[in-house]
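The residues making up each chain are set out below.
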Amino acid sequence: MSAPAIPYRTFPPRLARLPGWTVLAIWTAAVLLPLYILVVSCFKTTAEIYDNRLGLPQSWAFDNFVRAWTRADLGHNFINSLIVTAGAVILTIVVSAMAAYPLSRYKLGWNAIMLGLFLSGIMLPIRLASVELFTLMRNLGLLDSLTGLILVYSAIRIPFAVFIFANFMRVLPSELDEAARMDGAGEVRILFQILLPMVKPAVSIVAIFTAIAVWNDFFFPLIFIFDDRYKTVPLAISVFVGQFRTDWGLVFASLAISMAPILIMYCLLARQIREGVGAGGGMK
């Protein structure tokens with residue numbers, strides 16, 4: 001007679017989810033705590049920030065936002081940052097889509113080599129070539145101009161964008177191209193009117209990642225911009241940080257103001273980004 005089978009016991013569903021929920025809770029707290037400190041510090045004086053870092057302000061200093069906006073001339077610098085960010089996003093999307101189109105739709109022997117060259121641009125830190133880049137910008141007459149910043153940022157973000165677009169375009173059926181060519185469509189029309197609208201999640205991913213990187217960057221405006229007329233928001237915020245005294249209330253208020261456009265952009269593109277991440281996870 002065989003021994004009776006031992007019943008297989010499993011953890012209750014709620015208990016099985018406990019480790020995952022614990023990790024998510026810790027991650028959420030790690031993300032929300034700096035955001036909470038930023039928000040409450042916007043309404044404090046510098047002395048109160050030092051004395052009571054985590055607590056709510058005793059008296060809400062709403063004038064921090066007004067003083068930050070006027071003293072740093074954030075209105076003018078906002079326009080500069082919007083021009084640079086929008087220009088870099090548009091140029092990156094257009095050039096990257098044009099580069100990814102032949103790499104993903106044509107079966108050419110050098111496609112793997114070219115894609116590898118683009119990927120090498122992601123791995124190499126561009127800040128190592130700051131001196132050579134400064135010399136190139138000076139020789140081209142692009143120092144102290146928003147156009148120079150747009151070109152630099154686009155060149156930095158194009159390798160990542162080509163990788164994203166190539167992966168999304170590769171899975172689209174080739175019959176789309178063939179049918180469009182039979183109808184008399186050229187390559188430019190196939191790319192921008194047929195393929196690009198079908199990879200909207202990829203466009204959203206490239207747009208939001210490029211916008212975040214460009215909007216928040218302090219390094220390249222610092223070395224390429226000298227005239228106050230062309231300063232971006234990060235450079236404008238730096239006026240509140242001094243060698244002997246820093247007005248942290250104004251710093252946090254200006255940081256909160258500078259975060260608003262990126263948060264709005266992310267909320268508008270959140271659905272497309274989630275779809276793009278989900279679609280990208282299933283690609284081979």
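Not measured: the values here are computed from a predicted model.

With that settled, consider the packing of aromatic side chains. The description of an aromatic ring pair uses the distance of the two centres, along with the angle that the planes make with each other. Going through the model one piece at a time under the given rule, you end up with twelve aromatic pairs. Residues Phe219 and Phe220 carry aromatic rings whose centres are separated by 5.2 Å and whose planes lie at 80° to one another, so their mutual orientation is edge-to-face. Grouping aromatic residues by their ring pairs yields a cluster made of Phe134, Tyr153, Phe219, Phe220 and Phe224.

Here we come to the packing of helix α5 (residues 74–105) against helix α6 (residues 111–123). For any two helices packed against each other, one specifies the inter-axial angle together with the distance between the axes. Direction vectors running N to C along α5 and α6 enclose 145°, while the axes themselves pass 9 Å from each other. Crossing handedness for the pair α5 and α6: left-handed. In this structure, α5 contributes Ala99, Pro102 and Leu103 to the contact, and α6 contributes Asn111, Met114, Leu115 and Phe118. Residue composition of the contact of α5 with α6, by class: six nonpolar, one polar and no charged.

What follows concerns the UniProt feature "transmembrane region" (unreviewed entry) in the chain. Look at the UniProt record and you will see "transmembrane region" (unreviewed entry) annotated at residues 21–39, 78–101, 108–126, 146–169, 190–215 and 248–269. A distance of 32 Å separates the end C-alpha atoms of residues 248–269, which is 100% helix and 0% strand.

It is worth spelling out the nonpolar core at this point. Counting residues in hydrophobic clusters, the biggest one holds 43 residues, and the most contacted among them are Leu74, Val162, Phe165 and Met169. Contributing elements (two or more residues each) for this core: α5, α8 (146–170), α10 (187–198), α11 (200–215), α13 (233–237) and α14 (248–281). The element best represented in this core is α5, accounting for nine residues. One finds Ala88, Leu133, Leu149 and Phe224 within the second-largest nonpolar core, a separate group that totals 16 residues.

By the element assignment, Ala61 lies in the loop between α3 (46–51) and α4 (63–71). Owing to a relative accessible area of 12%, Ala61 belongs among the buried residues under this scheme. Each C-alpha atom of the pair Ala61 and Gly249 lies 8.6 Å from the other, and the pair is 188 residues apart in sequence. When sequence neighbours within four positions are dropped, the list of residues in contact with Ala61 reads Cys42, Phe43 and Lys44.

Cut-offs used in this document
Residues numbered from 1 in each chain as written. Predicted model: local features only at pLDDT ≥ 70, side-chain atom pairs only at ≥ 80, totals over all residues. Heavy atoms only, no water. Phe/Tyr/Trp six-rings, centres within 6.5 Å; stacked < 30°, edge-to-face > 60°. Axes fitted to C-alpha atoms, helices over the stretch in contact; angles between N-to-C directions. Helix = DSSP H or I, 4+ residues; strand = E, 2+ residues; numbered from the N terminus. Left-handed = near helix turned anticlockwise from the far one by under 90°. Contact = heavy atoms within 4.5 Å. Nonpolar A, V, L, I, M, F, W, Y, C, P; charged D, E, K, R; others polar. UniProt positions renumbered as here; feature names shortened; annotations may be inferred. Core = buried A, V, L, I, M, F, W, Y, C linked by side-chain atoms within 4.5 Å. Buried < 20%, exposed > 50% of the residue type's maximum accessible area, 1.4 Å probe, protein only.

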